[in-house]
Every structure is written in structure tokens, then in C-alpha cells.
Amino acid sequence: MHYTWLILLLLTLNYPYAQTISDTTNKVIWENWRQIQQQTSDELGLIALDDAELADENFNAYASLLNAGKDVLYNAAAFNWNIARFSMRGYSKNLFTTYFNGVPLENLINGGNLVNLWNGLTDVFKNRELVLGLQQNNFSFGNLGTALNVIVKPNTQQKLSIINIAFSNKSYANRNSFTHYSGKLMNGWSFVYSGAWQWANENYVPGTGMKNFASFFSAEKSLSNRHFFTLSFLGNYNNNMLAAPATEELMLLSNSKYYNANWGYQNGEKRNSVVKRTIQPIVFMNYHWQIDAQSFFKIGLLTGINLQKQSGFDWNNVPDPRPDYYKYLPSFQTDTILRNAIENYFSNHPEALQINWSNLYAVNSNNKETIFNVNGNINESFTGLRSRYILRDNHINTIHFAASPIYQKVFTNNWQLNIGAQIQYQQSHYFQSVNDLLGGDFWVNWNQFGNSTSSNNLNSIQYNLLQPNQLIKVGGKYGYDFDASVFKLSRFLQVVRQFKKIDINIAEWLGYAQLQRNGRVQNGLFPDNSFGKSKQLTFLNYGMKLGFTYKQNGKNYFNINLLQQSLPPNFFDVFISPKFNSFTQEDIRAVQYKSAELNYFKNTNTLKLRISGFYTEINNLSKIYTYYDDDIFSFMNNELTGIAQRHMGIEFGAEWRYSDQWQFSAAFVFGDYSYTNRSKATLRVENTAAIIQRDIVYWKNFKVPGSPQKAANFSITYRPLRNAYMSVSTNYLSDNWIHLNPIRRTPRAIQGLDAKSLAFANIIQPGELPKYMFVNLFAAFQLNSPKIRSIKLKPFWISTGLTNLLNNQQMVSGAYEQMRFDFASQDISKFAPKYYSAFGTQFFISTSIKF
Amino acid sequence: MMNKFTICNWLVFSFLLFNSCTKPFDTPPENNVALPNANTTIRNIKLLHVKNNFEKIMDDFIIQGIVIANDKSGNWYKQIIIQDESGGIVIRMDANNLYTNFQVGRKVAIKLKDLYLGDYGGVIQLGMGIDNADPNNPTLLPIPMSLFDKYIIKGSFNNVVAPKSVNINAFTTNLQDTLQSTLIQLDNVEFSISDIDKTFADALNKQALNLTIKNCSGNTIALRSSGYADFASFKVPTGNGKLIAVYSIFGNTKQLFIRDTLDVNFQNPRCGNAGITKITISELRNIYSSTPFVFNDNKLITGIVITDAANGNIASNEMVVQENNNGAGIVVRLKEIHHYKLGDSLSIFLKDGILSKENGILVLKNIDSSAIQINANTKTIEAKQMTIQQLKLNAKLLESNLIQISYPVLNGSVWNEHMIISDVTGTINCNTLLPASFYNVNLPSQPIKTITGWLSFIDTLPVLYIRNLNDVELLPPNNSNLSNAIYLNTSPLVFNFNDIGNGLPTGCFVYTNATNNSLGTVATFNVAKTSWGNTSGGFKNCASALSLSSSATSSQQDNATNRAIALRQTSTGGFDPGAAFVLHLANTLGKKNLQISFQLQSLDVNSARTTNWVIEYGLGETPNIFNQVPVTGNLFTGNSQFSSQNVLVNFNNLLNNVGSEIWIRIVAKTATSGTGSRPVSAIDDLVISWND
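Reading the values: the criteria
Residues numbered from 1 in each chain as written. Chains lettered and ligands numbered in written order. Predicted model: local features only at pLDDT ≥ 70, side-chain atom pairs only at ≥ 80, totals over all residues. Heavy atoms only, no water. Phe/Tyr/Trp six-rings, centres within 6.5 Å; stacked < 30°, edge-to-face > 60°. Helix = DSSP H or I, 4+ residues; strand = E, 2+ residues; numbered from the N terminus. Buried < 20%, exposed > 50% of the residue type's maximum accessible area, 1.4 Å probe, protein only. Lys NZ or Arg CZ within 6 Å of the ring centre and 35° of its normal. Disulfide = S-S within 2.5 Å. Pairing = 2+ DSSP bridges. Expected span 1.5 Å × (residues − 1). Contact = heavy atoms within 4.5 Å. pLDDT = per-residue confidence, 0-100. Polar contact = N/O pair within 3.5 Å; in protein donor to acceptor, adjacent residues only side chain to side chain. Core = buried A, V, L, I, M, F, W, Y, C linked by side-chain atoms within 4.5 Å. Buried area = accessible area lost by both parts, 1.4 Å probe. Salt bridge = Lys/Arg side-chain N within 4 Å of Asp/Glu carboxyl O. Nonpolar A, V, L, I, M, F, W, Y, C, P; charged D, E, K, R; others polar.

So, about the packing of aromatic side chains. Residue and element names in this part refer to chain A. This structure, assessed with the given rule, holds 62 aromatic pairs over all chains. Between Phe229 and Tyr287, the ring centres sit 4.9 Å apart and the planes meet at 20°, which makes this aromatic pair stacked. Pair noted here: Phe229 is in strand β9 (residues 227-241) and Tyr287 is in strand β13 (residues 282-292), with a separation of 58 residues, a long-range link. Residue Phe229 is classed as partly exposed on the basis of its relative accessible area, which comes to 38%. Of the aromatic side chains, those joined through ring pairs into one cluster are Tyr430, Tyr480, Phe482, Phe571, Phe572 and Phe575. The ring of Tyr836 carries the charged tip of Arg85 above its face, separated from the ring centre by 5.3 Å.

Quick look at the structure:
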């Protein structure tokens, strides 16, 4: 890697950037700038904080945001604000969808995107169609958030090869990619293929790192310029060593905002216990039939698998192996002498705040035990080293299929008709396996939490009654084992009429969805309700959309859009604890959305402007929060139903080209995303499915957490020479709220406290993340290439950037309150909120060589 | 030009790369870190401790020891015990499942600086800090989990500590006894015969148990096991043999703890008797069918003597033993006169005994005193409390059980074979035998609170026998309750209430908050003359309805000499429901056919609501059961009426000859009905009559 640095440096010295390109207008040059920015946006935007816990907290997916179109505000969000997980209009991730050649890539079970298209393959996916909010589009009914359609058509590309090399200190250290477009060949074929490698042995956060390989191939055959067949293949391998969130106490103890409890030294090497590995091959097929100049029919099919596993500790009747467990920390001690002693110990022995791998090996390799009735066979017993600590993998193996036919016809009298359908199926197999026995010989398929709640059920500790007392070796399945499957079918019809001054579009949508769980093991806690298929939950949903645009002239547009839609709830918000049983929430309803937006666009040669107001009501949301309560030795499920939210605000984005040298842009969002009612909560013990409490959650008017609600960006770009750009942007983010623990907003939590007391306020008040300001720098310039023998290289670009230039380490990218609450002491510090700190200054430098 | 080969290559290459990116981590080597050398011994450290003190160790002392006990079986909790050549010590550690790191046989070194010494019941412990949550009883804090590695260095495994062979008498409760917290071995010991049917501890209720270990010479020591131990529910072995245990004390109790049941190796025959099995007395009773049964196997029962042979109210060669409070009892007849005392806990070997039915009761006879072993003295069996009716209904099941009757009346003049006791529910014979020390002694004249005895039969007739005069508990003569009760001397007893300006008559009370099972709370009675129309709630002194009309003025009412105890109910204050007029009778000894009559009055014509009254009686000092009695006459007041109605209550034989206190009440147990003002109710001219 360091050689490459040197070469780059030499190139820079030898070939000063004094190249002139005569045949481009000023506008094209500035367009060029946008493309460069876009190309590097993936690097800026990639966030490695994809923790399972946070996924449950409904954090938003960024894939859809990573790819700014031509919207100024969207650019600002993608390049700058994602540092705080900014989400457009504060929506949750299931309202943002990515499409590939018109076929949706939704994760039907969790919401968000199933497949990560990017991973360094920026070059092949740069052709994107972005639909913001309720705007009309021609490939789908659309979403409340954004719909992003990636278009890959090899026959629209000239023959070209691109090598891209980049360095950074953030999510990767080094990235190389190669892309080749064949151009249109004589026999009607066109090809594109691309590969990207990126890796970092250690990232910004200690103990984290990543390896990623992605490859893409696409072939297109055209017949008589009316029939186009495209076959594409995308493959990704991803290996991410993840960071853990930390409480303030841990940050103070470790003297670092980036304390990561997930790693420890093993034989002198840093080993991370939480590693997420994904393999996702996927095949796309597209057929485009250009029936005549006014009409076409397209159908896209995609099918693929997604094998994902994430490691973590499992243990059985031994102390918690995670160093950040609350009982290890000074705050757990009530005695000041002990508290100080532990504080001193941690500050003198920072390794005690990391995983002690050798101790885990020592316990396992000295724990000889005999297991009787192995596999349920009486008289069969096995004696060996029983692992008390293991690394387990939580697997999600998904097969998925989607098809999307669409027909469009434009009539001579300015009518346009779109008819389309989407068929989607996804089955995800959730199970656990042993990743590493850590020095032991076997693991027993017992549920260590099963024993405590039902002592008269002798089978309660068995994860699988069909094969009790099973001994598990490395790679062996254990624990929960079930399939979640979702089938969705929908169709839409859209009519667009263009008048001289007015455009009208009307669309309607009908959707059918089917959710089912299939248990593959018979759990000892729920012998009658764990094995086999659950009943099917079906939903019939509708949507209506109306748009009206007044075209004052070619530069000013006024636009109003209305939408009403219902959507099925997410699988994991319906099934209460699918790991163990098929029980569902008592009150299952479709989620209702009502939204309106008002837009003003101005588009002149020097000024691009959008001002929007939006108002959205979301009703009947449900959500299940799961946490472990070590007082009753069971996981708890807190089921919330009837959540209502209101998202409203004003968006502003403007870009003003002052001169050939100077361009200014500004963007801000002034949002207000709030809960508008009190939700019903039902608290269940996971081990027994017994309802132990019904609560009302008093969070009316609390802000919906997860995204800054107010954000501003101001950028200045300077172009001293034709092919050199520098930009500096200042950003301000505020009104970002910590994910709430609903239990703390119930009458139970504040029982007996004086309503005016500080303790009372501490319990119910939501936490606001610090407001912050940060500065990003970005520069790009073009260099002439050296002539190397016969290869003729095109001039190449070098772009470089610094984010968070002032190294503001007070920024928090995400935070949540722990779901436990200590009712006895009513002390919130016992289970304090956890934070992900946003990174300090980071750089990247990247170069593209085209030939 | 792209061809198929290139495509294939590309795909194959892609997949190869997918799977080539992870390398396995090395297994760390076995922990063979050299332990820091010890610079002192466990004994020297223990000598620093003064009982009930806490000593912070300020020097860089290091001890080494081998783990001899941990929490693996659950018999210890949050502690391990280590031992070196000089002695052993308990280390308190704030974690569960310590055994996974501190296996028995693991050598550890402990850096003592900043740790604390303390003791628990005389057992010296190492911990960290002092818990002053209860300032009168500070305790040693355990070492927090996160500091284990700072103070405790783990070393090699499988080191052997040989238990020290000692005699059962070798232990002392001295703080510095070198055996304390060390592994010891006792040879040729066994569980005491009274314990051999027991489990190590009470696993169901998670209660620890002390069992008795004895040697063949009869010396004993306690073996204590935690209810959380995984062997708590195991039955103890009945044989004799070797015991390995950790010696501990709690105050003055010497006690042993085992690591698990492998430490108990009792496979040899017991001292003297081999192969004994214990049966319950209930099982014993079930053995009898219709003919005498002779035992010729090694069975054993245990029980506590509930008779008092010394006082002679039982044959001198007999006793009754009852297994436990809820267990069965049996008459045991020995071959000769015995000296077992009330409260002796016995093991009785059944061999050669005969079970037979004699005069209607089951007797275990032909028992030799050599077949009886005393396990303990002065144990008590709690008598079952019941009424005579309940006793008679369940008499067959209660044979040879200790029974207690409350508020009985003794019918007779002296203790003899003709005495009969009665309570409200019935009568039962209560015989005193001629040899009894209290035979012909006069019966107490004072009312009796309880009488206790064992149930026997003469053929099919149930008979209660008392053991001695302590079985008769008298009501205290200076019972403050009774000093303001009504004593029935000459019938009839008349209350005209005309003098209530000076307070209520003795034995008359007014109550609020009365409920089905409580008298409620005594309310104040306002002695000042009050007019009927007065709307403030409470019991008050009003003119009786009998001498005036509803339209009488306030001054006419005040001038009236005929007074009544009146009540204006209000929604609060426990009046509605819950108001009551109460009569408190000391007893009805020698009286029968009790009757009460009174005037129930409605004094305010402007009160539209209706109050419903009932008459109830309850027994005892503070009765919690009340029985309703049928009446002649109307029992409601209010309803915009002005009236005085006669009410007659005939108790018939319900309260005949009752020895206990009696509470009779006129009570509003249900809320007033209707709307408008609540009534002003009153009672007047109350007459109690009876036959002697």
C-alpha cells in the first residue's frame, strides 16, 4: 500500500495539473464535479456500525442515502449528515427502497435493503434514478422515503476500463477496484465486469477491521434494437469485526470515546468476538421490449441467497465473559472503597476492560464433565471437556426472489399510463451454531435460562426435544432454529396527464402480504407451540397517490402530492419471540400512512433550489423490544402496539453558481418527528410467554429518536483551474434523541416519586444527543497521465477529503437507553444509555485511472 | 471479446475469493504462570484476626494455598476455601460459578495487601471492605468480580490435599482452632438413627439442615448442608464409614460441610444395628388390618412423647408418641414401667413389637426399653386446635393426637372419670385416671381459655385425656377486657339508657368499621344531648322516640328524660357500612336460653335512606367469626319514618354455658339504600334474660 502512496506522490510532482479541455461548457465541468463527489460518497458514507442490537432499534439503512442524485439537500445528507445517521424526514428504514433495474431489493423481514449493492462497486452502479418523497416515478408506486433505482445497461456504455485505488483511515484502509465496459460489440452483446477489494486490518475503533470482496458481471444482448436481454451477477463477501456501544462510565474508565468491549488479546493478537460475515450472490435478469416509440414492456427477475452470520459469546453457568457487563463496573458497587479500588485497577490494567481469552480457554479445558442420556438415548453417556464458554454464530440464511413486470404507454394526447406489479418472496432461516469451542470438546444443547422459570418442567432446558441432551461440535447447530417467510404481491396503476401549465398524476396500489414462521426444533419451554408451521398471517393493503404540478414557466414549479397507504407490519414486530414459539401480538394491524408534501422548485442556469414542506401521520405501528433481565433469569419481550407518529418539517436546498470559480450551496432541514399518542405495552416473560404486566407508555409528544431532526449545511466550492476543485462545508446537526426505553415512561417506573423531584424527571425525560458542528474538506484535481508504452491512459482524477476536520470527538452517531430498568432503586444509572461515538478526523484519498 | 470461458473464470475466481479470507486463531497454551512465592502462611494471617474485628492487611503478604472447597455443588455460595500446611481460610468472592475457575485442587496465590480479615460466626474469612449497611452488625464484603485477577493468581491444577484424620472430639470452637476451614476425615461414623430417613437438606424450601453424625461411642457433631446444594434432596446413607468434610463453626455450634456426596462413604454396617429402615407412624398404623401383627424386621419409627407418665394419667408402662405436628400418633406399651418424659424425641425399633387393637385403640406393644433410643429432649408437638364438633367428626383420624379445645366448660366438680367438657358445638368425655396426681382435685372455677389432651377411645366413644393440670389454660382473672364486660347475675338485666349522659353502661359499646370478621374500631360516644335533626355523623345521646312525637322541638327533646343510644350515619368515618351497637358478655357459665329484646328506633323523619341491621354474636377476646341470629321484628331504620319497634332475639341453646367472652352486636353490615339523608337510628330499653 505504501508504494502506491509514493507513486501517487511522484505522479503529482511530475505532472502539474495544468490541463485544458476545450470542448466542455462550464456546466458540464460543474457536472463533472458532482460525479466525482458522488463517486467518493460511498467512501464517506459507509458506516461500519451495523450492530445487531441497533438493527433491532430500527436504525435506518444508509444504502439508499449513500447515493445522492441531483438534489442539493440529498447530497448534503449523503455526504455530510450520515455521520449522525441522518434519515430523510426521520422515517424508519422500511420506507426507503433500492431497486435494481426496476426490481425491488427490499428485506421483507426486517425492512430496509436486503442486499448491499455497493462495497466498492461504485463505478458500475453510478447510473441511478432517485425518487424523493411522494414524487411521481415510472417504475413503482413509490415510497414515503426514497426510491432509488440503479440502472445497469451495458450497451449504453462506451468501451472503457477503470482502475480505482483509495486509502482511508475509516472503515477501510485500502480499496482497489477494477471495472471494464466492453462497449457495444458487433454481435449485439455488451459486457461489464467489475471487482473490488477493500480491507482494513484495524479501523478507527480499536479491534475493528474489515475485509470485503465484491464482484459484478453483466451481459446485455440486443435484438433488432427492440428486445434487450440483460443477465447480471453480483457477489459479495464481507467480513466485519464490529464495535460495541459503550456507556459514559466505560468511556471514562477507558479514557476513550471509542472503547470497544468486543475484543481482547489472544496470544498477543487482537481478537474480536463479534464478527459479521456475509456472502450474497445474486442473479438478475432483465428483459426490455421497446414495443414502439411510445410504449415499452419490461420485466425484471432477481433471485439470490444471502448467508449472514454474526459471532458472539454464549456461556452456560459461568460469569459473563463480556468485559463491559454492568456487574464488573465500579458503578455496580455500593461501597466506595470497592468502587475506587476497581476504578484504580481498570486504569492501571486497561487489559481488564477487554476480553480475557486465555481465561475462557482455561475454564473450558479444565471442565471435565459427563453428560448422560446423550441425544435422548438412555444409557448413552459421554465424558469430555464441556465448553462453558463458546463463540457462537447467529445465522440468517436467506433465499429471496423478486419479479417486477411493468408496462408504459404514452398516448398522443399527453396521457401516460403505467401498469406494474411486484412479486416478492423471502425465506430466512434463523439458527445458531458453534463457531469456536474455545478449548473444550463439546457444547451441550441446553438453554441455561430455561431452568429458572419452570422448575416443574424437566424438559425446559432442552432446546430441542426431538434430540435432547445433544452434544454439539464446531459448526453444529444448536439453540433456536426457525424460518421466517414473507410473500408479497402488489400491483399499481398510474395515470399521468400533462397539460400546458399543469401536470396531474394519479396512482393506486393494492398489495397482499403473507407472513409465516416455521419452527425446525421443538423447544422444551414450548413443546406445543414451537415446532412446525405457524398459522399464516395475511394482510390486504391499499395505497392512493395524487400529484399536481403547476409549471409557471420552465424555471419555477409548484407541486403538491398526497398519499394514503397501509402497509403490513414487520415480521419481528408481529411474532413475539420467534426463536422459541409462534405466539403473535394480540392486536395485529396494518400500519397506516397519510402524507402530504408541498414543493417549490427553481431551476435556472445558476440557481437550483428546492423548498418543501411535508406532513406525515403514521398510525398503528407496533414494535417489540427484547432484553435480558438477570433478576428473573429470562429474556423479556415488551410489545408495543398502536404507536402513532407525526413527521413534519421544511426542507431547503439551494445551489448557486456565482461564477466559473465559485459555487455556494446551502441545505437545511427543520423537522419535527414526534409520537402523538400513548402506546399500549404488554410485557411478557420469554421463557413462559406469560403476560406479567400491561402498561401505558406516556410518551405523547416525545420526539421520535434515530435521526437528527434539524440539520444544516453550508458549502463553498472553489475552482481555481478548470480541472481542480476544492470545497469546504460546515454542518450543524441537532435535535437528535436517544432511543427510548418505553418502560421508563410508565406509571410503574415513577411510582412513589414526587413529580417535582429530580429523580422523577431523570426517569421520564428523553435524552438529547449533543448538538454539534463539524467541517468537511474535499478536493479533486485532474492529472495528465504518463504515456506508458502502447497503453494510452486518459487523464485521471485524484480526489481527497477530510471529514470532521476539527476532530470533534463529542459527536455521537447513535445512542439508546438500555431496555432494563431497576424498579427497586429507580436509578437510571444502573442501566445507563449506550453510545456510539462518531469518529474524529478521517481522511481519504482516491484516484481513478481510465483507459 | 468476452467469451464463455472468461465468464466462467470470473465466476470461479469470485467464489474462491469468498472463502479464502478467514484464518483460525491459535489456542492459548495452558496457564502455567509461575505463582508468586508465599512469604507467610495462612495460619500466620489468621492469627492477625481478633474476633468480631476487621483488619485491613497493609503489608505485601502473599499466601499460597490449594482450593479444597468451592461452590460447585452449591453447598457454599460466593466463597472458596483454600488450605496450606498451616491451615485453611475462607475467601469471599462476589461471583457465582467460582468452581469453573477455582477447581478443587487448584493452587492459588493471594496477594493480601488491601484485603480484609473478618469472621462470620467465628470462621475467619478474607474479603474486601466492610459492609456497614447495618451498623450494629457490620459484615465483610466479598472481593468484587473485576478484582479477582488483581488479588488471586491462579496456578496449577489437581494438587492433592490429604484430609487430616481426626477424632470426633478433636474439634473446638476456638477462633484459632487449626482445624477450622481445613479438610478433615472421620472414620467409623454414621448418621444418627433419627436422621437416617432424612435428606441432606430441605431442597423444596431451600432450607439448610443440620444432621447429626455420630460415632459408635455416641459422640456427635453436626453436618450442615445448604438447601441450594445439588445433593440437598438426596437421602442420607444409612451405613457407617468414612466422612471427609470441611470443619466450620457457627458461634458455639461445631459443624461439618461436605463438597458433595462423594465425601460420605458410609457403606459398612452401622454400630450395633444393621440395615434399619424407617417408617412413619402413619405407615405403621396402616400395617394393621384386623389381627395382631408381629414385627420381625428391622424397622424403626420416630416420634415425640406427648404423654406425661410422671403425672399418672396414663398407664405407667404406656406412652403416646406423635411423629410431628401434622403426623400420626400411636400408643406404645412397653414391657415394663418406663421413664420417658413428655417431649422426649425417640427412635423406636419395631422388631418383636406387636401391633394390636385394644379397647378400640391401636397399640404398639411388647416393646423393650432397649429398643428405644432418645434422640433429643424437650421437643414440643403443637396441639391441633378445633371445636368438639370438629373433633368428633374426625375422631378416627385423630386417634392418639394432641388436641386443643378453646373456651371449654368443665362439667363436674373434680377431676375424675365422670368429667365431661363442652363447648358451643358439643360435648366430649374427659377422663382422669385414678393414679393421676390430680385425681379428685377440684375443677377450676375461673373460665378456661383452652384445654389440651390426647384423643383416645373407650371402644367407640372418644375420650380426651389431659396430661397434667398445665393442660388447662385459664382466662386471666384480671383480663382488662372482662373488667368492662357484662356479668349475668340475676335475670333479667335491663338497660334503659336514661343515664347515658354519663357515658355508656358497662359492657355496652359502639363501633365503626365493623366487618364480617372484625368487631371494627371502638367509636366515641357523644354524651351531650343532641337533637334528632343534628346532621353531624356519630353515636350520640338523643331523646328516645318512645316519649315524644316526631315533631318535638329541640328543647322538648333535651328535656326528655327517656334517652336512647342514637346514631347518625355519614358516608365517611366507617359508619356506612360498619356501624354497630355492641354488648360484651363475660360468659354464660351456668346460664341457658339467652334472650335479648330492645327497641330499634328511627328518629329523623327527614332521612329517606334505609339502614338494614343484623344481630350477630362472636366468641373470644377478639372474635373474627360472627354468627347471625334470627330475630322477631323489623330490622331496618330510616325510610323517612319516625318509629320505635320491638326486636326480640332468642339465642335458644346457642350460647348455653359458654366459658369464653361473648360479643353480641346490632350491626349495619351493608350500605344504606336509597337517596337522601342517612337515618338517625337508636336503640333503647335493652333487656337481657336467661334461665339459670
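All names here are of chain B. For the structure on display, the rule yields one disulfide over all chains. Cys542 supplies the cysteine sulfur nearest to Cys508, a cysteine that is in no disulfide, at a spacing of 16 Å. According to the relative accessible area criterion, Cys508 is buried, its value standing at 7%.

So, on to the sheet that holds strand β3 (residues 128-132) of chain A. Residue and element names in this part refer to chain A. Here four strands make up an open sheet; going across it, the order is β2-β1-β4-β3 and the pairing mixed. Every interior strand has two partners, whereas the edge strands, β2 (103-104) and β3, have only one. Here four bridges tie strand β1 (residues 97-100) to strand β4 (residues 146-150), and the two strands are oriented parallel to one another. Within the sheet, the bridge partner assigned to Thr97 lies in β4 and is Ala147.

Further remarks concern helix α6 (residues 336-348) of chain A. Here α6 of chain A contains 13 residues, and its C-alpha end-to-end distance of 18 Å stays within 8% of the 18 Å for a straight helix at 1.5 Å per residue. In this structure, the buried side of α6 of chain A is in contact with α5 (248-254) of chain A together with β10 (143-144) and α3 (148-151) of chain B.

Residue and element names in this part refer to chain A. The share of residues in chain A with pLDDT of 70 or more is 90%, and the mean pLDDT across the chain is 85. A low-confidence stretch, residues 1-24 (pLDDT under 50), is modelled with 32 contacts involving residues beyond four sequence positions or located in other chains. Contacts for the low-pLDDT stretch residues 41-69, under 50 throughout, to residues beyond four places or in other chains number 93 contacts.

Turning our eyes to something else, we now look at the side chain of Ser387 of chain A. Residue and element names in this part refer to chain A. In this fold, Ser387 is placed in the loop between β16 (382-385) and β17 (389-410). Look at Ser387 and you get buried, because its relative accessible area is 0%. Polar side-chain contacts of Ser387 include one of 2.7 Å to the backbone oxygen of Leu437. Residues in contact with Ser387, not counting those within four places in the same chain, are Asn364, Leu437, Gly440, Asp441, Phe442 and Trp443.

Residue and element names in this part refer to chain B. Here chain B averages 88 in pLDDT, and 95% of its residues register 70 or above. When pLDDT is averaged over each helix and strand of chain B, the minimum, 53, is found for helix α1 (residues 4-18) and the maximum, 96, for strand β3 (residues 79-84). The complex prediction reports pTM at 0.71, with the ipTM value standing at 0.76.

A few words on the environment of Gln424 of chain A. All names here are of chain A. The topology assignment puts Gln424 in strand β18 (residues 415-436). Spatially, the C-alpha atom of Gln424 lies 22 Å from that of Leu621, the residues being 197 residues apart in sequence. Discounting chain neighbours no more than four positions away, the residues touching Gln424 are Pro104, Glu106, Leu108, Phe401, Ala402, Val486, Phe487 and Lys488. Engagement of the side chain of Gln424 in a polar contact is seen with the side chain of Glu106, the distance being 3.1 Å.

Glancing now at the nonpolar core. Grouped together as the largest cluster of nonpolar side chains are 57 residues, with contacts concentrated most on Trp81, Met88, Trp699 and Leu733 of chain A. Looking at this core, the element that brings in the most residues is strand β27 (residues 607-629) of chain A, giving five residues. Discounting chain neighbours no more than four positions away, the residues touching Leu733 of chain A are Trp81, Ile83, Ala84, Pro708, Lys710, Ala711, Lys771, Tyr772 and Phe774 of chain A. Counting residues in hydrophobic clusters, the runner-up holds 52 residues, among them Leu253, Ile342 and Tyr835 of chain A together with Ile42 of chain B.

The subject of this paragraph is the interface of chain B and chain A. Think of interface size as the accessible area that goes away when the parts come together; that is how it is often given. Of the residues lining the interface, 37 residues belong to chain B; the matching set on chain A comes to 44 residues. With both chains or domains summed, chain B and chain A bury close to 3,800 Å², and 68% of this area falls on carbon and sulfur atoms. Remark: the boundary between chain B and chain A carries zero salt bridges. At the boundary of chain B and chain A, one finds four residue pairs in polar contact (both at pLDDT 80 or more). Secondary-structure elements contributing two or more residues to the side of chain B that touches chain A are α1 and α3 of chain B. Among the residues making up the side of chain B that touches chain A, the classes are represented as 22 nonpolar, ten polar and five charged.

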